[in-house]
Amino acid sequence: MATVKITILSGTENMRGTSFTLTNESYSIGRSDTADICIPDPTISGHHCTLIRVADDSYAVKDEGSTNGTRVNGEKVTDQVVNLRGGDILQVGGIEILFDNSDEHHTEMRTMTVINLDDTGTVNVPSSRMKNLGAKQGKSGTPLRENKKSNMVFYAIIGVLGLAVAGVMVWFVARLLASGGH
């Protein structure tokens, strides 16, 4: 039996790369802290959609009347239940999620956002006001722009290079002036 999971491919850095192993009969996805899988994104409805087990290694998705819609591989999910296959891209509002029900290791993931968030008219809700119930299993560490030690090293290197270039320029001008008098 394969491990069934979903992995968040897009959205905030806090959630991108987060995986959820699916073992229950159903999972609600939404931005509400009462959702089984809480994704704090303003393009997602409180109770956006539901994943429903249809076989041991397979799930289907049902939109729950969400504002910004649910799509599977770019096709809108209306009032029907749509079966998911391994590798399908589930779009929940503006967030893309990979459905994976195989034991194979994926080395490449591609995303394609087809929802124009400017057209949704969604009110921005700060993620600090939303509770994330998902277990963080994704990336760890601090991005370079937030890593003060790396920033200091970068700026020191740039400063040394800048001083070296300025020194060479001063030397070159001095040589030109010295040779110009002869």
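Refer to the structure presented above.
Below you will find a few notes about this structure. It should be emphasised that the depicted structure is a prediction, and the values quoted were computed from it without experimental measurement.

**Looking at the side chain of Ser10**
Reasoning step 1: Of note, Ser10 is situated in the loop between β1 (5–8) and β2 (19–21).
Reasoning step 2: The class of Ser10 is buried, set by a relative accessible area of 12%.
Reasoning step 3: Among the polar contacts listed, one links the side chain of Ser10 to the backbone nitrogen of Glu96, at a separation of 2.8 Å.

**Some words on the sheet that holds strand β11 (residues 95–100)**
Reasoning step 1: Spatially, the 6 strands line up as an open sheet ordered β2-β1-β11-β10-β7-β8, and their pairing is antiparallel. Only two strands of the sheet have a single neighbouring strand rather than two, namely β2 and β8 (75–77). The mean inter-strand angle of the sheet, taken between neighbouring strand axes irrespective of direction, is 25°.
Reasoning step 2: As judged from the 4 bridges shared by β1 and β11, these two strands associate in the antiparallel manner.

**Structural notes on the pattern of salt bridges**
Side-chain pairs of opposite charge can arise whenever the charged atoms involved come near each other.
Reasoning step 1: The final tally for this structure, using the stated rule, is 2 salt bridges.
Reasoning step 2: Here Arg53 ties to Glu25 by a salt bridge, and the two come within 3.2 Å at their closest N and O atoms. Linking Arg53 in strand β5 (residues 49–55) with Glu25 in the loop between β2 and β3 (26–30), this pair joins segments that are 28 residues apart in sequence.
Reasoning step 3: Taking relative accessible area as the criterion, Glu25 reaches 52% and is therefore assigned exposed.

**Section: a nonpolar patch on the surface**
Reasoning step 1: On the surface, Val153, Phe154, Tyr155, Ile157, Ile158 and Leu161 cluster together into a nonpolar patch covering about 630 Å² of accessible area.
Reasoning step 2: Among the structural elements, Ile157 can be located in helix α1 (residues 148–180).

**Looking at unusual backbone geometry**
Reasoning step 1: In this structure, Asn73 is a non-glycine residue whose phi angle is positive, near 50°.
Reasoning step 2: Residue placement: Asn73 occurs in the loop between β7 (70–72) and β8.

**Examining the pairing of β3**
Reasoning step 1: Counting buried positions along β3 yields 4 of 5 residues, so the element is predominantly enclosed.
Reasoning step 2: Of the pairings in the sheet, the one linking β3 to β5 comprises 4 bridges and is antiparallel in character. In the strand pairing of β5, Ile29 is matched with Cys49.

**Thoughts on the sheet that holds strand β6 (residues 58–63)**
Reasoning step 1: Strand order in the open sheet made by the 5 strands is β4-β3-β5-β6-β9, with mixed pairing throughout. Across the chains shown, the open sheet's two edge strands, defined by having one partner strand only, are β4 (37–38) and β9 (81–83).
Reasoning step 2: Pairing of β5 with β6, which is carried by 6 bridges, proceeds in the antiparallel orientation. Across the sheet, Arg53 pairs through a bridge with Tyr59, a residue of β6.

**Here's the deal with the packing of aromatic side chains**
Reasoning step 1: By the definition in use, this model includes 2 aromatic pairs.
Reasoning step 2: Ring geometry for Tyr27 and Tyr59: centres 6.4 Å apart, planes at 50°, overall tilted. On the criterion of sequence distance, the pair formed by Tyr27 in strand β3 and Tyr59 in strand β6 is long-range, its members being 32 residues apart. No difference in accessibility class separates Tyr27 from Tyr59, as the two residues are buried.
Reasoning step 3: Relative to Tyr155, the ring of Phe154 has its centre 5.6 Å away and its plane inclined at 65°; by these criteria the two rings are edge-to-face.
Reasoning step 4: Judged by relative accessible area, which is 48%, Phe154 ranks as partly exposed.

**Some points on the side chain of Asn101**
Reasoning step 1: Note on placement: Asn101 falls in the loop between β11 and α1.
Reasoning step 2: Polar side-chain contacts of Asn101 include one of 2.9 Å to the backbone oxygen of Asp57.
Reasoning step 3: Separated by 3.3 Å, the side chain of Asn101 and the backbone nitrogen of Gly86 make a polar contact.
Reasoning step 4: Setting aside its immediate chain neighbours within four residues, Asn101 contacts Ala2, Thr3, Val4, Asp57, Ser58, Arg85 and Gly86.

Scoring rules and cut-offs
Residues numbered from 1 in each chain as written. Predicted model: local features only at pLDDT ≥ 70, side-chain atom pairs only at ≥ 80, totals over all residues. Heavy atoms only, no water. Helix = DSSP H or I, 4+ residues; strand = E, 2+ residues; numbered from the N terminus. Buried < 20%, exposed > 50% of the residue type's maximum accessible area, 1.4 Å probe, protein only. Polar contact = N/O pair within 3.5 Å; in protein donor to acceptor, adjacent residues only side chain to side chain. Pairing = 2+ DSSP bridges. Axes fitted to C-alpha atoms, helices over the stretch in contact; angles between N-to-C directions. Salt bridge = Lys/Arg side-chain N within 4 Å of Asp/Glu carboxyl O. Patch = residues over 30% accessible without salt bridge, like charges linked within 9 Å, V, L, I, M, F, W, Y side chains within 5 Å. Areas by Shrake-Rupley, 256 points an atom, 1.4 Å probe, with all protein chains shown as cover. Phe/Tyr/Trp six-rings, centres within 6.5 Å; stacked < 30°, edge-to-face > 60°. Contact = heavy atoms within 4.5 Å.

So, to be careful, I would describe these as geometric facts and stop short of saying anything about function.
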